[in-house]
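# Reading the structure
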Amino acid sequence: MDSLEELESTAQEVLGRLKSRHLFQSQWDTAAFAIFLIFVGTVLLLLLLACLHCCCHCCCHQSSRSRKVRAKQETSMGVDNLALDP
């Protein structure tokens with residue numbers, strides 16, 4: 001019962017702040033909330049880009065990538081070490 005009363009008082013406090021349009025007590029609270037929202041938005045954007053990369057990029061360009069790897073292996077650059085030859 002005590003936790004129910006505590007939850008109700010917290011809800012009333014939040015609703016009171018919403019009605020008075022003073023959600024934050026200071027400008028620091030507002031700035032911290034804005035930074036938090038920017039952080040969450042950035043994380044969500046990166047997750048979206050990672051999902052798009054995995055879902056779209058791998059399926060469409062897999063064959064061209066394997067061709068590039070094979071071409072790179074065939075035209076390998078370097079010098080033969082003649083000291084290793086008998």
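Bear in mind the structure is a predicted one, so any value in this text is a computation, not a measurement. (Residues numbered from 1 in each chain as written. Predicted model: local features only at pLDDT ≥ 70, side-chain atom pairs only at ≥ 80, totals over all residues. Heavy atoms only, no water.)

### Things to note about the overall build of the chain
Secondary structure assignment for the chain yields 2 helices and 0 strands. For the chain, the proportion of its 86 residues judged to be buried stands at 0%. Entry remark: accessible area of the chain is about 8,600 Å², with carbon and sulfur atoms responsible for 65%. (Helix = DSSP H or I, 4+ residues; strand = E, 2+ residues; numbered from the N terminus. Buried < 20%, exposed > 50% of the residue type's maximum accessible area, 1.4 Å probe, protein only. Areas by Shrake-Rupley, 256 points an atom, 1.4 Å probe, with all protein chains shown as cover.)

### Topic: the state of the cysteines
Counted by the stated rule, this structure contains 0 disulfides. With no disulfide partner, Cys51 has as its closest neighbouring cysteine sulfur the one in Cys55, 5.9 Å distant. (Disulfide = S-S within 2.5 Å.)

### Thoughts on helix α1 (residues 2-20)
If you check α1, its first and last C-alpha atoms are 27 Å apart, about what 19 residues at 1.5 Å a residue would give, namely 27 Å. At the exit of α1 stands Arg21, carrying a positive phi of roughly 60°. (Expected span 1.5 Å × (residues − 1).)

### Focus: a negative patch on the surface
Taken together, Asp2, Glu5, Glu6 and Glu8 make up a surface patch of like negative charges. Tracing the backbone through its elements, the reader meets Glu6 in helix α1. Taking relative accessible area as the criterion, Glu6 reaches 51% and is therefore assigned exposed. (Patch = residues over 30% accessible without salt bridge, like charges linked within 9 Å, V, L, I, M, F, W, Y side chains within 5 Å. Salt bridge = Lys/Arg side-chain N within 4 Å of Asp/Glu carboxyl O. Lys, Arg positive; Asp, Glu negative; His and termini not counted. Charge placed at Lys NZ, Arg CZ, Asp CG, Glu CD.)

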